[in-house]
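Examining the three-dimensional arrangement
Chain by chain, the residues:
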Amino acid sequence: MSGLRRFSASLTGRLSLLFAAVSFVILSAMGLFLHHALTQQLASRDLQDLNGKVELVRHKLTDSDSAELIERNPQGWLEIVVGHQGLHLVILNEARRVLLTSSAAELPERLIDSPSVEGEQAPVFEWTVEDGRRFRAVSAWGRVGASAKSRVLIALILDVSQEVRLLAAYRASIVTGILVGTIVAGALGLWAAKHGLNPLQAFARVAGRTSASRLDERIDLAGLPGELIPLATAYNAMLDRLADSINRLSQFSSDIAHDLRTPLGNLLGEAQVALSRQRSADEYRSIIESSTEELGRLSRMIEGMLFLARADNAQLSLRPERLRIAAEFARIGDYFEPLAHERGVSIATRGSLEVYADPSLLTRAVSNLVANAIRATPQSGTIELTDRRSADGATEVRVSNPGREIPEQERGKIFERFYRISDSRTGSTAGSGLGLAIVKSIMCLHGGRVWIECDAGRTTFILSFPGEPLQPSAA
């Protein structure tokens, strides 16, 4: 029993059982149809023979002068049923007295009481006697002599027991054929399923060899059935994404170790120098201030990494609102005004559209871009915050600043984590390398995108938000 459960639980077993079940239904339907067709054919042939004999008796009655002659000369009438096995003739007068009979069979009352008249189709009566024999009969009125002054009742009875036995044997053959056919169909289905599912073994082999250190093998699409190509394509794409994620995780771990080592080394060095000899309060204060800067850098780096990790795992809640871009620009500009004034640059804002976005995440994304722009803008330069409606209905938030352009070969990498562009852009490497990666994650959460354009000495970062309202998501 457990073996049968295991068989039916496998895909091959299910397909073979399904094939056998379908074959059983089809063979059963065909068997029922053929049995019914044979039954109808035999009944139709019997009815045709009986009605033909009725017409023959009626024709012979026209040559007889009286009903009494039938009783006196039965031999001429009995010749009608000679050569027809199981066929019996009974003729009765109008008083239902038997004038002639070819057998001692007892006639049922309904056969005698419901004869047909000339020109009508004689009804067929069937019954079974105690010994199991089955009969089929018709009854009809016939007129005697050319003047047709009297009439007699004609009853023709056919023993169809042999037909019943034939149909029983035919039914047994059909049942046997259905059972054998179902078993053969199940066996063929099992063979076809095993051979048809052979391509799935490629999945098992690739999956069995896949590991974190071996993600380069892919399923060969050549020769696969059309139904399996989408599955194989999706599986290969999954392996590509998995390999990319593992590579990124490995690179991420390496970058974290590298970027944490510098501030931690600075903190350790400063602490060791401070402890090397007795120092004044001002010297200790200077060391603590320097350590505070390094700790702040570490804190910002860790906070950025936590944000990206939560964004990657869809743990950030997104609560979009309908925001006026001009108001957001004004708030961000006021916040960065002191830093911009210190660097000798100015911030100009111009916004007239609305955007569907999470207020805090929008502020963070634009603030990261403005902070980078302040570091990259030469003195007396102007940072511009503008908006625009694109041709596809998206709302674009644009942060533009003058200065050295980002090399084209670096534009595709600046949104990667811990990637820092050259000193020609920022003038330093003080950043953590996570700001633009955070901007990209925020845009992905909003279903938008971010890219960079460089033209005529200006660098512009574009945040493209979808035109349709976003649905809130829970963390």
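Our structure's up above, just so we're on the same page.
Description of the structure in this document. (Residues numbered from 1 in each chain as written. Predicted model: local features only at pLDDT ≥ 70, side-chain atom pairs only at ≥ 80, totals over all residues. Heavy atoms only, no water.)

With glycine set apart, most residues show a phi of negative sign, and most peptide bonds adopt trans. Positive phi, close to 65°, is recorded for R96, a residue that is not glycine. The residue R96 is located in the loop between β1 (87–92) and β2 (98–101) in this model. (Helix = DSSP H or I, 4+ residues; strand = E, 2+ residues; numbered from the N terminus.)

Looking now at the nonpolar core. Judged by nonpolar contacts, the single largest core of 41 residues is most densely connected at V366, V370, I383, L385, F461, L463 and F465. Mapped by element, the contributors of at least two residues to this core are α10 (325–343), β8 (354–357), α11 (359–376), β9 (382–389), β10 (395–402), α13 (435–445), β11 (449–455) and β12 (458–465). Ranked by the residues each element gives to this core, the list is headed by α11, at nine residues. Among residues more than four places away in sequence, those in contact with L385 are F329, I347, A348, T349, R350, V366, V370, R398 and V399. By size, the runner-up hydrophobic cluster in this structure holds 22 residues, among which are L99, A122, V152 and V160. (Core = buried A, V, L, I, M, F, W, Y, C linked by side-chain atoms within 4.5 Å. Buried < 20%, exposed > 50% of the residue type's maximum accessible area, 1.4 Å probe, protein only. Contact = heavy atoms within 4.5 Å.)

This paragraph deals with the pattern of salt bridges. Under the criterion given, the structure shown has 16 salt bridges. Across the salt bridge formed by E354 and R322, the nearest N and O atoms sit 2.5 Å from each other. Taken together, the residues E354 in strand β8 and R322 in strand β6 (residues 321–324) connect sequence positions 32 residues apart. Accessibility expressed as a relative area gives 33% for E354, which makes it partly exposed. Between R398 and E453 there is a salt bridge, and its shortest N-O distance comes to 3.5 Å. With R398 in strand β10 and E453 in strand β11, the pair connects residues that are 55 residues apart, well separated along the chain. (Salt bridge = Lys/Arg side-chain N within 4 Å of Asp/Glu carboxyl O.)

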